[in-house]
Amino acid sequence: MSTDERPGAASDAPDGGPAVRRLDDWDRDTLDALADEHGTPLYVFDPARVRENCRRLGAAFPDAEIQYAAKAHTARETLRTVHDEGLAIECASAGEVRRALDAGVPGRDVTYTAVNPPARDLDAVVEAWRNEPDLTITAGAADTVDRLAERGFDGRLRLRVNPGVGAGHHEKVVTGGHPKFGVGLDRAPELAARIDREFAFAGIHAHAGSGISGDDLENHRELVRRLGELARDLEADGIPVETVDVGGGFGVPYREDAPALDLATVADATREALGAIEGRLAIEPGRYVVADAGVLLTRVNTVKDAPSTVVAGVDAGMTTLLRPAMYDAYHAVRDLGAEGGENRDTVGVTVAGPVCETADLLCENRPLPAPERGDLLAIGNAGAYGYEMASTYNSRPRPAEVTVDGETLRRRETLADVSRLDAARDSNRRNDEEDT
Ligand code: LLP
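Description of the site of the ligand
Consideration 1: The immediate surroundings of the ligand are formed by 21 residues, with S210, E284, R287, R323 and Y385 found nearest.
Consideration 2: Within the contact set of the ligand, a nitrogen atom lies 2.5 Å away from a side-chain nitrogen or oxygen of E284.
Consideration 3: When the free accessible area of the ligand is taken as 580 Å², the share hidden by the protein chains comes to 91%.
Consideration 4: A molecule is said to occupy a pocket when more than half its atoms come within 2 Å of that pocket's grid points, and by this definition the ligand occupies the largest pocket.

Points about the packing of aromatic side chains
Consideration 1: Using the criterion set out here, one finds four aromatic pairs in the structure.
Consideration 2: Residues Y43 and Y387 carry aromatic rings whose centres are separated by 6.1 Å and whose planes lie at 75° to one another, so their mutual orientation is edge-to-face. Within this pair, whereas Y43 is found in strand β1 (residues 42-45), its partner Y387 is found in the loop between β16 (376-379) and β17 (400-403), the two being separated by 344 residues in sequence. Across this residue pair, the class does not change: Y43 and Y387 are buried.
Consideration 3: Put simply, the rings of W129, F153 and F199 touch in pairs and so form one group of aromatic residues.

Re helix α1 (residues 28-38)
Consideration 1: Of all the residues in α1, the buried ones are L31, D32, L34, A35 and H38. Looking straight down α1, one finds its buried side chains confined to an arc of 165°; they lie on one side. Away from its buried face by more than 90 degrees, α1 exposes D29, D36 and E37.
Consideration 2: Considering only its buried residues, α1 is in contact with β1, β11 (294-305), β16, β17 and β18 (408-410).
Consideration 3: Residue G39 follows α1 closely and has a positive phi angle near 80°.

How each quantity is defined
Residues numbered from 1 in each chain as written. Predicted model: local features only at pLDDT ≥ 70, side-chain atom pairs only at ≥ 80, totals over all residues. Heavy atoms only, no water. Near = heavy atom within 4 Å. Polar contact = N/O pair within 3.5 Å; in protein donor to acceptor, adjacent residues only side chain to side chain. Areas by Shrake-Rupley, 256 points an atom, 1.4 Å probe, with all protein chains shown as cover. 1 Å grid on protein atoms, 1.4 Å probe; cavity = no way out; pocket = protein on both sides within 12 Å on 5 of 7 lines; lining within 4 Å. Sits in = over half its atoms within 2 Å of the grid points. Phe/Tyr/Trp six-rings, centres within 6.5 Å; stacked < 30°, edge-to-face > 60°. Helix = DSSP H or I, 4+ residues; strand = E, 2+ residues; numbered from the N terminus. Buried < 20%, exposed > 50% of the residue type's maximum accessible area, 1.4 Å probe, protein only. Arc of directions from axis to C-beta. Contact = heavy atoms within 4.5 Å.

As C-alpha cells, then:
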C-alpha cells in the first residue's frame, strides 16, 4: 500500500492509546454482562484497541509498509479494521487469502507467504491472482517458484530467505534460522535473478520468529542487517529490490509486570541495521496488533482442594486457548467473581480445563483469590493466537467470540456442528438438530 493511502499513518492519526492494555484495564461489569448473555467460554474482542495498536505501529514506522499477519486473528471485522487503518494483509494460507479478499481487501494489499504450500493452496491463490493481479506471493524454496511457474503465475513474487538467525518467546516459534524457512543467503542472489527474469520481483523477506522482546533485539537487528546487505548486493547486480520485508514478531508483555515493547527503539534499531536501501522497508506484525485487544472468559465449574494446589476446573481449556499447553505460555488470570465484595484469601490456584490431558491447564499454582464455583475468570492477552488455535479436540465445540459491544464475531459452535462433517451413514445420527 502506498504511503498516501495510509489513513492510519502517524501524523494524521495521533490516537494510539496507551502502549499496552492490561487485563485489569477491562471493565468487570461489561465482561460479566457479556458472559451472562453469550455464555462461556467466550472470547471478547475490542476492535477499537486494534485501531490504537495499528496507529502506534504507524507512528513508529511511518515510512514502512505494514502488513498485518492475519494468522493472529482472522475475524472479518479485524481484517477490515486493520485495512481501514492503512495496513496490508499478510496471509499464511489460501484460506487466509480468501478471508482477506472476502473482507474487501484489494489484491494489491494482500501477500501470501507460501510455506511448503499444498497444491490446493497454490491452485486457489493463483486462481485468485487471475482476478487480483496485484496480489503478491512470497516463496521460500526454488521448488515453490517452479510450481508457481507451472501454474502460469508470472506476477509479483517475493523471495523468502533464511537469514541464519532467529528469535522468539519459545523454541517452537523461532523461525529465522530453521531450515524449514526460506532459501539460504548464499543461494538467494541466483534465485532472485531468476525471479526478476521470469516474474515481477517484489523484494526479499525473512521472519526471525514470534514474541520478540527487548532481549532479542540483537538477533532482530542482525537479521535486518543481513537483509539490508543482501538488498544492496542484489541492487549492485542490477536487480531492483522493491521491498525488504523483515517479518513480524513484535512481542507483547504477557506478564502483568513486564514492560511494554518500546516500539520507537525497535524502529530505530531496524532502520539503523537496515542501512541505506533503494526499496521500502516492510514489517508483518500479528500479535502486536491484536493480543491485548482480546480476553477469554471462562466459568469455574469445580473447585477442589488438592494437597499441593487448589484446582479450579473451568469450561475453557487447551481446545479454547492452546498457548499454555503448547508453549508453556503465561497468560494473566483475573477472578472477576472475587471482585464482588468479600475479601478472599490468596491461594495457589491451578486453572484446569475439561480435557483429559495433563497439559490442559491455563495456569499452575498461581497466587489468586480462593476460587468459588460460578466465578467468572478473565484470561488476558487472548486476542492473538487464541481463537485461531482453538480446536474441536475431544469433540468440544469452539467458543463464541463477541466484541465488547456485544456483536457476534463468530458464533459458538454447537454439538451438531461438531459431527456435521462426518459422512452420515446411519439413520440414528442427529446431524440436523441444532442442539448445543
Ligand atoms: N510473518 C510471518 C512469515 C510469520 O510466520 C509470522 C508468525 C508473523 C509474520 C507474525 O508474527 P507475530 O508478529 O504475530 O509474532 N502461535 C504462536 C505464534 C506463531 C507465529 C507464527 N508466525 C504463538 O501463539 O505464540
